[in-house]
2 protein chains.
Amino acid sequence: MLDAVRSALGDKAVIADPDAIEPWLHDWRGRYHGASPAILAPLDTAGVATIVRLAAEHDVALVPQGGNTSMVGGATPPANGRALILSLRRMNRIRAIDPVENLAVVEAGVILSDLHEAAQAQGRRFPLTLGAKGSATLGGLASTNAGGTQVLRFGTMRALVAGVEAVLPDGQVHDGLSALKKDNRGYDLDQLLIGAEGTLGVITAVTVRLVPAVVDRAVAWVGLAGPDDALALLRQMEAQTRAIESFELLPDESLAAVLAHVPQSRAPLSGVHPWHVLIEAVASDAYAEPPAAVLERMLAPALASGLIADATIAATEAQAEAFWRIRDSISASERAMGPAAQHDISVPVAVMPRFMIEAAAACEAAFPGTHASGFGHLGDGNVHFHVRAAPGTDPACWYSDQAPFVTRFVHDLVVAAGGSISAEHGIGQMKLGELERLSAPSRIAALRAIKSGLDPQGLMNPGKLVALAPDHSKP
Amino acid sequence: MLDAVRSALGDKAVIADPDAIEPWLHDWRGRYHGASPAILAPLDTAGVATIVRLAAEHDVALVPQGGNTSMVGGATPPANGRALILSLRRMNRIRAIDPVENLAVVEAGVILSDLHEAAQAQGRRFPLTLGAKGSATLGGLASTNAGGTQVLRFGTMRALVAGVEAVLPDGQVHDGLSALKKDNRGYDLDQLLIGAEGTLGVITAVTVRLVPAVVDRAVAWVGLAGPDDALALLRQMEAQTRAIESFELLPDESLAAVLAHVPQSRAPLSGVHPWHVLIEAVASDAYAEPPAAVLERMLAPALASGLIADATIAATEAQAEAFWRIRDSISASERAMGPAAQHDISVPVAVMPRFMIEAAAACEAAFPGTHASGFGHLGDGNVHFHVRAAPGTDPACWYSDQAPFVTRFVHDLVVAAGGSISAEHGIGQMKLGELERLSAPSRIAALRAIKSGLDPQGLMNPGKLVALAPDHSKP
């Protein structure tokens, strides 16, 4: 197989030096460890097609890899050492940016922050961002239907991808890049490939939607009694404006953790409040109502009616950034407080306030000494729900013996609330078992039917998303 | 099979009276004719599941049917008389409307105009409408990914459906109604079922998104030189406002046809212009810029720069309705001028102006005496492209001997322009052969793999969208 790839695509397309391979055999958090004799690194779509065809001929499994930023082990090769890593990182051209049509055609290996900059240079923006923007690639973002902090207004990758180019498991190229606004020619293959985690083929390029660059923004910090009031405030705002782009909820203990661990951080409000909300409003054209005016118009009556206890609008861009820094420092600050089980979950938005309170109480009752809390994108129904080990717990013991039970418990609560055990991180290998345990048989049967219909040899990213026989991830 | 359904669901669930069945054996335009011994009419999702299970046991094909308004024979049973019609029309409850979450849960048999009224009663609207709104059902609209005149702003059904409940071919119920904003639990079955034309299972209910009711609207009529200028105007407007909801382009001959055939119709502008555009701007909240002001702000500089020749904004609601009546009368008026081949096609928006001119010229050159023209949703890249027979052509001869060649010719032009031979009407049985002729082998292979993976017996709406062996639509 490796000789065939070398002879078809040249020596540079095969990386077999163990030292060069090593960093890509593990996920970035060091939780998953795989093995592979080589990384294949094609330069273009034709090269990917050649590799996929050769893999089918030689019955060799492929693990597509972009920035290797998966939170669920989705890009780590299986431990049996028989799969090859297919790196898309050399395919990193922005093929076109069209500021009139508001579309960009981008290869799979383009890094998110590079696309941000290229769009900005044309007076546009790609309205999806997340912590890993400096290494996450567009191919990986599409393959995992990534989310982030702007989903409230712009949706996940599924809403932002207008077309997909991919190599299907039989080595043929599916070209859906033309980004037709209306196209009813049978099952939507683009939508099927988005979020498929590379198990149905390899995304090689995407056409993505752009929006006008931001003209003005305003950031508010609000103190209030609880998640119920926060949701009521969000609903009031949504009924009166389309300018709200972020609406992040956090408990006072998360703010306290940040204040305790991040130097020079300050509480935005003077009083003490049980819960906090960070709100960003944005204007994309000069005729829109100024974002600060939008926030004032919304927050004044909420203060007057007692729905919220206090609020302040950042007076300067530096202050706005300081508000966001608090939000972005929560995970790191809480990590400093001890080992925890973290859950990327969603429930229907209307249910979220009650879920946050009741699930935390249920967890703490079921696992005495633990401390549970949630924070995040209230408007998306997506919170990051953390359960911290009892003080003094040995981290190794927590992760091997206790955290899995906590996670099963949390997932059961999520399913009972009609929610999803994977809001934005996907299934990968981490949640494969939980997906099977908690899904209706019809869903698993349908996933298997689609997988085995499109990838009958089971060679595309084996052992991720849905388990199949023959399982190329097993010894 | 019929006895089994009667014994499971009661006598009312089986309609076997030939007179009652007859109207549902043909499409509404009378182009497709099928045969079936019975219509099955379950009352609820459990009833549909029972029928699908029994069909699998008895190896009997099912043809799901809503309002029977397909433009491509998608709901007409095969002529072999062995399939049963599965009518969803008795499942016509609006299960819930939530004006806070802006969601409605609607059964498959609910008629579109009934949903419009129910949403309006709660100060909301469902922003998709089309000519057949008095009979088209939500199940059919979702199964065909229907479009309409508001796609420019709100997208097709794919963007408006937040969740799907369906009975899969194995008789199990897929429940995706909970409408999570973030959910990455494997392949998106909801998106796969939308636009699948009932070939992968039967949609029994959908959760759809609502938007605020319209507070104010303004409608303008613009005269200009050609499609290029129209697209430039649309781009100018889109860069400065989000209020534009419709942007319909028509040639002067379409206006002339309406003026000649529709009593009491009047030209909106005094001069003669080669092309016309109808524009609707809408405000959904009291703080938005008034729609008439939006249109004035956009049209005044376009007039001053010479991009457009003339424009008027409807002064009254009656005048606005008169403008829309012209647009809505084009098809009927042109039909009165002789037989034609009609094509529901799309190309990339940027290509559309040139395509409209060049494709019309190419058709008229290839088929002397014919007359070709396009009108429609410029902003969606979707025009209705009509080729009228040479004057004096016998209609029967045209439809049997000439129109098919014209259609192949038009479709070849569409494919060469990177477009779709089905913009919003789907494939059904009408375009099955053309889809196979004009698709990349990878697309057809993938459609077949998905179909045979999920419906191995081939019992779900056989002979539609993709052909398979065993083909339950064949004698």
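Analysis parameters
- Residues numbered from 1 in each chain as written.
- Chains lettered and ligands numbered in written order.
- Predicted model: local features only at pLDDT ≥ 70, side-chain atom pairs only at ≥ 80, totals over all residues.
- Heavy atoms only, no water.
- Helix = DSSP H or I, 4+ residues; strand = E, 2+ residues; numbered from the N terminus.
- Buried < 20%, exposed > 50% of the residue type's maximum accessible area, 1.4 Å probe, protein only.
- Contact = heavy atoms within 4.5 Å.
- Areas by Shrake-Rupley, 256 points an atom, 1.4 Å probe, with all protein chains shown as cover.
- Lys, Arg positive; Asp, Glu negative; His and termini not counted.
- Charge placed at Lys NZ, Arg CZ, Asp CG, Glu CD.
- Pairing = 2+ DSSP bridges.
- Expected span 1.5 Å × (residues − 1).
- Least-squares fit on C-alpha atoms with pLDDT ≥ 70 in both.
- Salt bridge = Lys/Arg side-chain N within 4 Å of Asp/Glu carboxyl O.
- Phe/Tyr/Trp six-rings, centres within 6.5 Å; stacked < 30°, edge-to-face > 60°.
- Lys NZ or Arg CZ within 6 Å of the ring centre and 35° of its normal.
- Buried area = accessible area lost by both parts, 1.4 Å probe.
- Polar contact = N/O pair within 3.5 Å; in protein donor to acceptor, adjacent residues only side chain to side chain.
- Arc of directions from axis to C-beta.

Notes on the overall build of chain A
Link 1 in the chain: Within chain A, the regular secondary structure consists of 17 helices and 18 strands.
Link 2 in the chain: For chain A, the spread of C-alpha atoms along the three principal axes comes to 70 × 55 × 45 Å.
Link 3 in the chain: Within chain A, the fraction of its 475 residues that count as buried is 58%.
Link 4 in the chain: Relative to all contacts within chain A whose residues are 6 or more apart in sequence, the contacts with residues 24 or more apart total 72%.
Link 5 in the chain: For chain A, the exposed area adds up to about 17500 Å²; of that, 55% sits on carbon and sulfur atoms.
Link 6 in the chain: Side chains of chain A give 37 positive and 50 negative charges; the mean places of these two sets differ by 3 Å.

A closer look at the pairing of strand β12 (residues 216-224) of chain A
All names here are of chain A.
Link 1 in the chain: Across the nine residues that make up β12, a large majority, seven, are buried.
Link 2 in the chain: Pairing analysis gives nine bridges linking β12 to strand β14 (residues 275-283), with the strands arranged antiparallel. Following the sheet pairing, Ala218 is matched in β14 by Ala281.
Link 3 in the chain: Here β12 runs beside strand β15 (residues 310-313); their pairing, made up of four bridges, is antiparallel. Each residue of the ladder has a partner; that of Ala220, found in β15, is Ile313.

Quick look at helix α11 (residues 291-304) of chain A
All names here are of chain A.
Link 1 in the chain: Taking 1.5 Å of rise per residue, 14 residues should cover 20 Å, and α11 covers 20 Å from first to last C-alpha, within 8% of that figure.
Link 2 in the chain: Within α11 the residues assigned to the buried category are Pro291, Val294, Leu295, Arg297, Met298, Leu299 and Ala302.
Link 3 in the chain: Those residues of α11 that are buried lie in contact with β12, α9 (227-240), β13 (244-251), β14 and β15.
Link 4 in the chain: Once α11 finishes, Gly306 follows within two positions and takes phi at roughly 85°, a positive value.

Digging into unusual backbone geometry
If a residue is not glycine, its phi is most likely negative; likewise, a peptide bond is most likely trans.
Link 1 in the chain: Residue Leu465(A) is not a glycine yet carries a positive backbone phi of 70°.
Link 2 in the chain: With respect to the helices and strands, the residue Leu465(A) is situated in the segment after α17 (441-454).
Link 3 in the chain: Leu465(A) gets classed as buried once you look at its relative accessible area, which sits at 1%.
Link 4 in the chain: Even without glycine at this site, Asn68(B) takes up a positive phi of about 55°.
Link 5 in the chain: Assignment of secondary structure puts Asn68(B) in the loop between β3 (62-65) and β4 (84-87).

Here we look at the relation of the copies chain B and chain A
Link 1 in the chain: Screw-axis analysis of chain B against chain A gives a translation of 0.0 Å along the axis, an RMSD of 0.0 Å, and a rotation angle of 180°. Taken together, these values place the two copies in the relation of a two-fold axis. The C-alpha atom lying nearest the rotation axis in chain B is that of Gly453(B); the distance is 2.4 Å.

Here's the deal with the pattern of salt bridges
Residues and elements named next belong to chain A.
Link 1 in the chain: One pass over the structure, following the stated rule, counts 42 salt bridges over all chains.
Link 2 in the chain: A salt bridge links Arg354 to Glu358; its shortest N-O distance comes to 3.6 Å. Taken as a pair, Arg354 and Glu358 lie in helix α14 (residues 352-366) at a separation of four residues, close to a single helical turn.
Link 3 in the chain: Relative accessible area serves as the criterion here: at 44%, Glu358 is assigned to the partly exposed category.

Concerning the packing of aromatic side chains
Each aromatic ring pair is described using two quantities: the centre-to-centre distance and the angle formed by the ring planes.
Link 1 in the chain: Counting across every chain of the model gives six aromatic pairs over all chains.
Link 2 in the chain: Where Phe355(A) meets Phe385(A), the ring centres are 6.1 Å apart and the plane angle is 55°; that geometry is what we call tilted. Here Phe385(A) lies in strand β18 (residues 382-388) and Phe355(A) lies in helix α14, a separation of 30 residues in the sequence.
Link 3 in the chain: On the basis of relative accessibility, which here comes to 0%, the residue Phe385(A) falls in the buried class.
Link 4 in the chain: Where Phe367(A) meets Phe409(A), the ring centres are 5.5 Å apart and the plane angle is 85°; that geometry is what we call edge-to-face. With Phe367(A) in the loop between α14 and β17 (371-377) and Phe409(A) in helix α15 (residues 395-416), this residue pair connects regions lying 42 residues apart in the sequence.
Link 5 in the chain: Taking relative accessible area as the criterion, Phe409(A) reaches 25% and is therefore assigned partly exposed.
Link 6 in the chain: In this structure, Arg89(B) packs its charged tip against the face of Trp24(B), placed 3.3 Å from the ring centre.

Brief notes about the interface of chain B and chain A
Link 1 in the chain: With 71 residues of chain B in contact, the opposing surface of chain A contributes 71 residues.
Link 2 in the chain: Carbon and sulfur atoms supply 55% of the area buried between chain B and chain A, which totals about 6000 Å² over both sides.
Link 3 in the chain: Between the two partners, chain B and chain A, sit eight salt bridges.
Link 4 in the chain: Taking the shortest distance from any N to any O, the salt bridge between Lys182(A) and Glu424(B) comes out at 2.8 Å.
Link 5 in the chain: Taken together, the links from chain B to chain A amount to 40 residue pairs in polar contact (both at pLDDT 80 or more).
Link 6 in the chain: At the level of secondary structure, the elements contributing two or more residues to the side of chain B that touches chain A comprise α6 (151-154), β9 (173-175), α8 (189-193), α9 (227-240) and α17 (441-454) of chain B.
Link 7 in the chain: The greatest single-element share of the side of chain B that touches chain A, amounting to 11 residues, is contributed by α17(B).

Describing helix α12 (residues 317-328) of chain A
Three- or four-residue spacings in an α-helix give side chains the same orientation, since the helix completes a turn every 3.6 residues.
Residue and element names in this part refer to chain A.
Link 1 in the chain: Spanning 12 residues, α12 covers 16 Å between terminal C-alpha atoms, matching the ideal 16 Å at 1.5 Å per step.
Link 2 in the chain: What α12 keeps buried is the set Ala320, Phe323, Trp324, Ile326 and Arg327. Taken down its axis, α12 places every buried residue within 150° of arc, on the same side. Projecting away from the buried face of α12 at angles above 90 degrees are the exposed residues Ala318 and Asp328.

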